[in-house]
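# Architecture and fold: a report
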Amino acid sequence: MTRGSFRVLIVALLALAIFLGWRAWDGWQKSYDPQTVVAASLQGLQEQNVLVPFTARYVAVVTSTQNRLGLEAKKTLIMPGTVRYEVDLARLKPADLDWDAATSALTVTLPPLRLAGPEIDIDAISEYRDGLILLTLTDAEQALDAANRKAGQAELIKQARGETPMRLAENAARAAIEQSFAMPLKAAGIDAKVTARFAR
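Residues numbered from 1 in each chain as written. Predicted model: local features only at pLDDT ≥ 70, side-chain atom pairs only at ≥ 80, totals over all residues. Heavy atoms only, no water.

## Quick notes on the overall build of the protein chain
- When you go through the protein chain residue by residue, the secondary structure sums to five helices and seven strands.
- Element order for the protein chain, N to C, with α for helix and β for strand: α-α-β-β-β-β-β-β-α-α-α-β.
- The buried share among the 200 residues of the protein chain stands at 32%.
- In the protein chain, the share of contacts with a sequence separation of at least 24, taken over all contacts with a separation of at least 6, comes to 78%.
- Put simply, the protein chain shows about 12500 Å² of open surface, and 55% of that area lies on carbon and sulfur atoms. (Helix = DSSP H or I, 4+ residues; strand = E, 2+ residues; numbered from the N terminus. Buried < 20%, exposed > 50% of the residue type's maximum accessible area, 1.4 Å probe, protein only. Contact = heavy atoms within 4.5 Å. Areas by Shrake-Rupley, 256 points an atom, 1.4 Å probe, with all protein chains shown as cover.)

Structure below.
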């Protein structure tokens with residue numbers, strides 16, 4: 001083989017290597033299409049089923065009164081309980097994801113937070129009672145206990161739905177969801193801005 005022919009062969013092999021390398025790079029880029037990554041991330045979240053981004057402990061103090069036979073009985077219940085703030089990931093659908101290719105931005109619309117609980121801390125419950133005669137002679141105590149338990153649970157949920165804990169829970173949920181989509185995109189070499197918001 002002459003020197004000229006050898007140079008031609010080297011140039012041809014180099015060109016072939018560059019072409020094959022470009023095809024491999026192009027295929028790699030296509031395999032990491034943003035919408036493909038987003039779809040895979042959505043599937044992963046759906047498989048988790050439920051996200052619990054925030055939990056909080058509250059204390060309900062409620063009092064119930066019974067008047068019978070000219071007598072009064074009163075019981076006060078101090079009942080601690082824990083409430084979980086959940087996002088139902090199974091309700092998250094492809095239609096809730098909006099990918100803007102022009103700005104490389106993903107907007108995720110989440111279903112409303114739901115509250116789970118309250119889980120009552122039985123060992124930490126305290127009770128105070130007044131009106132021993134009526135409590136002893138009638139079923140007033142059972143009625144007061146039932147009323148207090150019902151009122152206590154309602155009070156715990158009311159506290160859990162307060163503006164501050166709901167804001168904290170929503171912020172935590174948004175941050176968790178944004179990270180769940182942003183990290184796979186970043187790993188795929190896609191610089192994207194992810195914003196999660198709640199449906200209103």
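There is more to say after this.
## Thoughts on the nonpolar core
- In this structure, Tyr85, Leu106, Val108, Leu113, Ile177 and Phe181 are the most contacted members of the largest nonpolar core, which totals 36 residues.
- When residues of this core are traced back to their parent elements, those giving at least two are helix 2 (34-48), strand 1 (50-68), strand 2 (71-88), strand 3 (97-100), strand 4 (105-110), helix 4 (140-160), helix 5 (163-187) and strand 7 (193-198).
- Broken down by element, the residue count for this core peaks at six residues, all from helix 5.
- Setting aside residues up to four positions removed in sequence, Leu113 forms contacts with Tyr85, Glu86, Val87, Met166, Ala169, Glu170, Ala173 and Phe198. (Core = buried A, V, L, I, M, F, W, Y, C linked by side-chain atoms within 4.5 Å.)

## What about the environment of Glu127?
- Mapping Glu127 onto the fold places it in strand 6 (residues 126-130).
- In this structure the C-alpha to C-alpha distance between Glu127 and Asn148, which are 21 residues apart in sequence, comes to 10.0 Å.
- In this view, Glu127 contacts Lys75, Thr76, Leu77 and Asp145; residues no more than four positions away in its chain are not counted.

## Brief notes about the environment of Leu135
- With respect to the helices and strands, the residue Leu135 is situated in helix 3 (residues 132-137).
- C-alpha separation for the pair Leu135 and Lys75, spaced 60 residues apart in sequence, amounts to 9.7 Å.
- With near-sequence residues (within four places) excluded, Leu135 lies in contact with Ala73, Arg129, Asp130, Ala140, Glu141 and Leu144.

## Describing the sheet that holds strand 4
- Strand order in the open sheet formed by three strands is 3-4-7, and the pairing between neighbours is mixed. Two strands close off the open sheet at either side, each with one partner strand: strand 3 and strand 7. Between one strand axis and the next, the sheet turns through 15° on average, direction left out of account.
- In the packing of helix 5 onto the sheet, the strands contacted are strand 3, strand 4 and strand 7, and the crossing angle to strand 7 comes to about 150°. (Pairing = 2+ DSSP bridges. Axes fitted to C-alpha atoms, helices over the stretch in contact; angles between N-to-C directions.)

## Description of the pattern of salt bridges
- For the coordinates displayed, the defined rule picks out eleven salt bridges.
- Between Glu86 and Arg84 there is a salt bridge; the shortest N-O distance is 3.1 Å.
- Here the salt bridges do not stand alone but share partners, grouping Lys75, Glu127, Arg129, Glu141 and Asp145 into one network. (Salt bridge = Lys/Arg side-chain N within 4 Å of Asp/Glu carboxyl O.)

## Considerations on unusual backbone geometry
- Across the junction of Gly117 and Pro118, the peptide omega takes the value 5°, indicating a cis bond.
- Position of Pro118 among the secondary structure elements: in strand 5 (residues 114-120).
- At Asn49, a residue that is not glycine, the phi angle is positive and equals roughly 75°.
- Tracing the chain through its elements places Asn49 in the loop between helix 2 and strand 1.
- The phi dihedral of Ser104 is positive, around 50°, even though this residue is not glycine.

## Comments concerning the pairing of strand 7
- Because side chains alternate across strand 7, one face comprises the buried residues Val194, Ala196 and Phe198, and the other comprises Lys193, Thr195 and Arg197, none of which is buried.
- The pairing of strand 4 with strand 7 spans six bridges and is parallel. Bridge pairing in strand 7 places Leu106 opposite Val194.

## Observations regarding the packing of helix 2 against helix 5
- Running from N to C, helix 2 and helix 5 point in directions that differ by 135°, and their axes come no closer than 9 Å. As judged from the angle between their axes, helix 2 and helix 5 are oblique. In the packing of helix 2 onto helix 5, the handedness of the crossing is right-handed. For the pair helix 2 and helix 5, the contacting residues are Pro34, Val37, Val38, Ser41, Leu42 and Leu45 in the first and Ile177, Ser180, Phe181, Pro184 and Leu185 in the second. (Parallel < 35°, antiparallel > 145°, perpendicular 65-115°, else oblique. Left-handed = near helix turned anticlockwise from the far one by under 90°.)

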